[in-house]
Amino acid sequence: MTLLLTLDDGSVQRALRDAVQLARDAAVADVGAEQVGPHAGVVREDAMSASHLFEANLSGYDGWRWSVTVATAGADMPVTVDEVALIPGPDALVAPHWVPWERRIRPGDLGVGDIFPTTADDPRVVPGYLQSDDPAVEEVAHEAGLGRAHVMSREGRLEAASRWRAGEFGPRSDMARSAPAACGTCAFYLPLAGSLRAAFGVCGNEFGPADGHVVNTEYGCGAHSEVEVEQVSSVPVAELVYDDSLLDMEALSEQPAEQ
């Protein structure tokens, strides 16, 4: 192959490019004349082969092309047909890139009776016999002898913390920004155990919008336990009231002039 590349003066590629009719006849013989459209170009495959492209007049395949690959063994050898194939063109409608089902699942997709197992290489979990660097998990594992088969890894906890903080019950939500105080100072705030304790807890206030949900310690709402509403009269009352409807009149006596 290297010798042919070195000695080829361009005649091989010219012969391949000029084999338009040969390629068309092969496509027509394979799929029929009504499905083969105008010639759309030629693509060099390697030193001894090229592919001629023809527009495909095929229902449901707008923008697709028939690709006919031709080849030759040398400058003095005939050009022959290798294969005919249907391929997408630059404007063709093609199926989206295939994504494994476990990566297509989104939060909220799981329904009643659905099963969603974790993969063997899921970075969010590690075997229970490994150190999890979470004091609460280690304590349970020691008490039970081994603990659970798998525990949440550091990476998994960091992902959860980032997701919770940026979510509906995080410090940047509209509710939190208008709240009178943060959850970290609320009596209904139940801190989580382990390494997430410093930043997250569960709301236990049935009247709060986050009741039963994990909340960030900086989240807050109007149902904070320490909120006090100032009790004032609905009717404005001035500090001093003057009743000018009743006046005591007193005559001024004339004072004698000083001598």
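Refer to the preceding data block for the structure.
Residues numbered from 1 in each chain as written. Predicted model: local features only at pLDDT ≥ 70, side-chain atom pairs only at ≥ 80, totals over all residues. Heavy atoms only, no water.

Considering the arrangement of structural elements, one finds Phe169 in the loop between α6 (154-165) and α7 (174-177). A C-alpha to C-alpha distance of 8.1 Å links Phe169 and Gly220, two positions 51 residues apart in sequence. Each residue touching Phe169, except ones within four places of it in the same chain, is listed here: Trp164, Pro209, Ala210, His213, Val214, Val215, Asn216 and Tyr219. (Helix = DSSP H or I, 4+ residues; strand = E, 2+ residues; numbered from the N terminus. Contact = heavy atoms within 4.5 Å.)

A few words now on the sheet that holds strand β8 (residues 200-203). In spatial order, the strands read β7-β8-β9; together these three strands make up an open sheet with antiparallel pairing. In this open sheet, the two strands that pair with only one neighbour each are β7 (189-191) and β9 (214-216). Taken over all neighbouring pairs, the strand axes of this sheet differ in orientation by 45 degrees on average, direction set aside. With three bridges connecting them, β8 and β9 associate as antiparallel partners. (Pairing = 2+ DSSP bridges. Axes fitted to C-alpha atoms, helices over the stretch in contact; angles between N-to-C directions.)

On to the nonpolar core. Residues Leu16, Ala23, Val36, Phe54, Trp66 and Val68 are the most contacted members of the largest nonpolar core, which totals 17 residues. Ignoring anything within four residues of it in the chain, the contact list for Val36 reads Arg24, Ala27, Val28, Val31, Phe54, Glu55, Asn57 and Trp66. Core analysis: the second largest hydrophobic core is formed by ten residues, Cys183, Cys186, Cys203 and Ala210 among them. (Core = buried A, V, L, I, M, F, W, Y, C linked by side-chain atoms within 4.5 Å. Buried < 20%, exposed > 50% of the residue type's maximum accessible area, 1.4 Å probe, protein only.)

On to the sheet that holds strand β2 (residues 49-56), then. What the four strands build is an open sheet, ordered β1-β2-β3-β4; its pairing is antiparallel. Edge positions in the sheet fall to β1 (36-46) and β4 (80-88), since each has one partner strand and no second. In this sheet, neighbouring strand axes are inclined to one another by 25 degrees on average, regardless of whether the strands run parallel or antiparallel. Of the pairings in the sheet, the one linking β1 to β2 comprises seven bridges and is antiparallel in character. Paired with His39 across the strands is Phe54, a residue of β2.

What is shown is where atoms sit, not what they do.
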